[in-house]
Amino acid sequence: MKVQKFGGSSLADGQRIKKTLQIVQDEKTNHYIVLSAMKGITNLLIKASENAESGNSDYKKQLIQITEIHYNSIEYLFSTDEQSLIKENVSYLLDELKDILHGIELVQECSLRTGDLIMSFGERLNCTIAAAHLNCCGRKARMIDAREIIITDDNYGSSHVFLEDSYLKIREKLKDSDTLYVITGFISGSEKGITTTLGRNGSDYTASIIGAAMNSEIVEIWTDVDGVLTADPRIVKNSFVIPRLSIEEAMELSYFGAEVIHPYTLMPTIDKNIPVKIKNTLNTTAPGTIISTDPVERERAITGIASIDSVSFINVEGGGMLGIPGVASSIFGALAEAEVNIIMITQASSEHSICIVCRSFEVERALKHLNKKLEYEIKTKKINRIDVRNNLEIIAVIGENMKGMTGISGKLFSSLGNSEINILAIAQGSSERNISLVIESKDKIKALNTIHKTFIG
Ligand code: ADP
Ligand code: ASP
Ligand code: MG
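What you are looking at is a predicted structure, and each value in this text was computed from that prediction instead of being measured.

Here we take up the sheet that holds strand β12 (residues 304-317). The strand order β13-β14-β12-β15-β17-β16 describes an open sheet built from six strands, whose pairing is antiparallel. With one partner strand each, in any of the chains shown, β13 (344-347) and β16 (425-428) form the two edges of the open sheet. Each adjacent strand pair in this sheet contributes to an overall mean axis angle of 30 degrees, direction not counted. Contacting β12, β13 and β14 (353-359), helix α10 (residues 327-337) runs over the sheet at an angle of about 15 degrees to β14. Contacts between helix α13 (residues 408-418) and the sheet are confined to β15 (385-398), β16 and β17 (434-440), with β17 contributing the most and set at about 20 degrees to the helix.

Moving on to the site of ligand 1. For ligand 1, the set of nearby residues contains 19 residues, the closest of which are S9, N201, T223, D224 and L229. Note that an oxygen atom of ligand 1 is positioned 3.2 Å from one of the side-chain N or O atoms of K5. With respect to ligand 1, the backbone of G8 contributes an N or O atom lying 3.2 Å from an oxygen atom. Considering ligand 1 on its own, with 570 Å² of exposed area, one finds that the protein chains cover 89% of that surface.

This next bit is on α13. All buried positions along α13 are accounted for by I408, L412, S415 and L416. The buried residues of α13 occupy one face: seen down the axis, they fall within an arc of 95 degrees. Where α13 ends, the next residue or the one after it, E420, has phi of about 60 degrees, a positive value.

Turning our attention to the site of ligand 2. As a structural note, the neighbourhood of ligand 2 is formed by S36, A37, T42, E123, F186, R200, N201, G202 and S203. Contact between ligand 2 and E123: a nitrogen atom at 2.7 Å from a side-chain N or O atom of the residue. In the model, an oxygen atom of ligand 2 is placed 2.7 Å from a nitrogen or oxygen of the R200 side chain. The protein chains hide 87% of the 260 Å² of surface that ligand 2 would expose on its own. The residue makeup of the shell around ligand 2, split by class, is two nonpolar, five polar and two charged.

Running from amino to carboxyl end, helix α6 (residues 163-173) crosses helix α7 (residues 203-213) at an angle of 70 degrees, the nearest separation of the two axes being 9 Å. Looking at the two axes, α6 sits roughly perpendicular to α7. Listed contacts from α7 to L163, Y167, I170 and R171 of α6 are Y205, I209, I210, A212 and A213.

Here we take up the environment of R389. Examined against the element boundaries, R389 turns out to sit in strand β15. Along the primary structure R389 and D271 are separated by 118 residues, whereas in three dimensions their C-alpha atoms are 39 Å apart. Apart from residues lying up to four places away in sequence, R389 is in contact with S312, F313, L424 and E440.

For the rest of this paragraph, the subject is unusual backbone geometry. Most of the time, phi is negative for any residue but glycine, and the peptide bond is trans. Not every positive phi belongs to a glycine, and N215 is a case in point at roughly 50 degrees. In this fold, N215 is placed in the loop between α7 and β8 (218-223). When its relative accessible area of 51% is taken as the criterion, N215 is described as exposed. At E339, a residue that is not glycine, the phi angle is positive and equals roughly 55 degrees. Note on E339: relative accessible area 59%, which makes it exposed.

Moving on to helix α1 (residues 14-26). The end-to-end C-alpha separation of α1 is 18 Å, in line with the 18 Å expected for 13 residues at 1.5 Å each. Of the positions making up α1, those classed as buried are G14, R16, I17, T20, L21, I23 and V24. Contacts made by the buried residues of α1 are with β1 (2-6), β2 (31-35), α3 (59-77), α5 (112-136), β5 (180-184) and β8.

The next thing to look at is the pairing of β5. Residues in a regular strand point their side chains to alternate faces of the sheet. Judged by how many residues are buried, β5 sits mostly within the fold: five of five residues are covered. With burial as the criterion, each face of β5 is covered, one bearing L180, V182 and T184 and the other bearing Y181 and I183. In this sheet, β5 lies alongside β2 in parallel orientation, the contact comprising three bridges. Looking at β5, one finds that V34 is bridged to I183.

This part covers the side chain of N126. Note that N126 resides in helix α5. For N126, a relative accessible area of 1% corresponds to the buried category.

Rules used throughout
Residues numbered from 1 in each chain as written. Chains lettered and ligands numbered in written order. Predicted model: local features only at pLDDT ≥ 70, side-chain atom pairs only at ≥ 80, totals over all residues. Heavy atoms only, no water. Pairing = 2+ DSSP bridges. Helix = DSSP H or I, 4+ residues; strand = E, 2+ residues; numbered from the N terminus. Axes fitted to C-alpha atoms, helices over the stretch in contact; angles between N-to-C directions. Contact = heavy atoms within 4.5 Å. Near = heavy atom within 4 Å. Polar contact = N/O pair within 3.5 Å; in protein donor to acceptor, adjacent residues only side chain to side chain. Areas by Shrake-Rupley, 256 points an atom, 1.4 Å probe, with all protein chains shown as cover. Buried < 20%, exposed > 50% of the residue type's maximum accessible area, 1.4 Å probe, protein only. Arc of directions from axis to C-beta. Nonpolar A, V, L, I, M, F, W, Y, C, P; charged D, E, K, R; others polar. Parallel < 35°, antiparallel > 145°, perpendicular 65-115°, else oblique. Expected span 1.5 Å × (residues − 1).

As far as function goes, none of this settles anything; it's purely spatial.
In structure tokens:
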């Protein structure tokens, strides 16, 4: 038994949906299907809610676009007779969406909770169409709204999953072995039954939760590239597929921005020792990338490179921090209260400054909490300043083989130096599996290509 997840990139229009659902029908193993929204729909839904919130009636244009995209795919996928029933089902959802957007326009407010409800329409619309198409092709398919089976807290926008509770619900719901279940990715429900989501790109995570619940043999993530590549193919043109990855390497790559899998994807599957495979819907015969606990033999020191853009660093500096315990704890406490996700930390051995890297959109919130929490230290000049630097990029160089190998950092820094790229901060985890660097955003393309050329070729 396996789980197959197909992302928006495999579901861009009627033609692509048909091709993708053919892969589903050709599958011989018993399987569960997880689908994302059609390509671009989640972004359109967000844009519509932002417009409605600011009282801009342009949200109606996005509504028309969303309607047209789905109706076009229905017209491509179904015979004229079948179309009216499917359009009717889809129009119920679209009418509800229209009413909610109108409500947002009237009150000019869209909370994160309402945002999750709005975004949920993408997956619900798509799975309604896909399940109907599979039924018309003679399969006994049934759409499952994941809000009933993936249970989370109410941290709207990116909620935390209660795995064991969800596993029970999933097993209860997906009981019938001859039904082909078509499950909505990305969306979930709180214990009170309110719509939540797993964060952008979260359908990969849905698939691994379903896989772990059902003890599947494998979880397949189908997308529009041949597997996990040595770098983002849109930036490094000669990046290539990595056939096998360790779980740790894959986690580091996804955490540091390789969007081909959501960073949480491997969490549920590790516990059950379920391998995850990345496959290409546009090139089904390509072997893909397999992520598992099996040992990986590789010659080169560096497996892959990833990067996160739009980050900033906050540098807290002051002579009074020297040797006084507790300042770091106050800093991290303030950031935890502010719910700011720290991506990287560096501290010089003089203890004179602590540098924290976070996403730029969180800086304002971080500063507000830091200034409040460190008010006394600032007043008494133990802390002299808190500086912020924006428009930065984190580059992460990842590889199991770096462990114990000498000279990697030297080679890395001199290659960047030779390309005249200034490094603003460096961190290396004690696992020696990752070296992270902060550079200016303007140097991103050059840095990624330089590192790729130096270490990967
Ligand atoms: P889906 O819609 O199938 O979920 P995504 O757009 O979320 O697809 O992820 C696939 C995309 O991730 C690829 O098209 C590629 O441009 C991008 N990507 C970034 N880094 C990598 C990488 N290291 N390997 C493969 N793809 C990557
Ligand atoms: N549709 C959601 C998004 O665009 C989830 C996903 O595609 O995985 O983020
Ligand atoms: Mg994705």
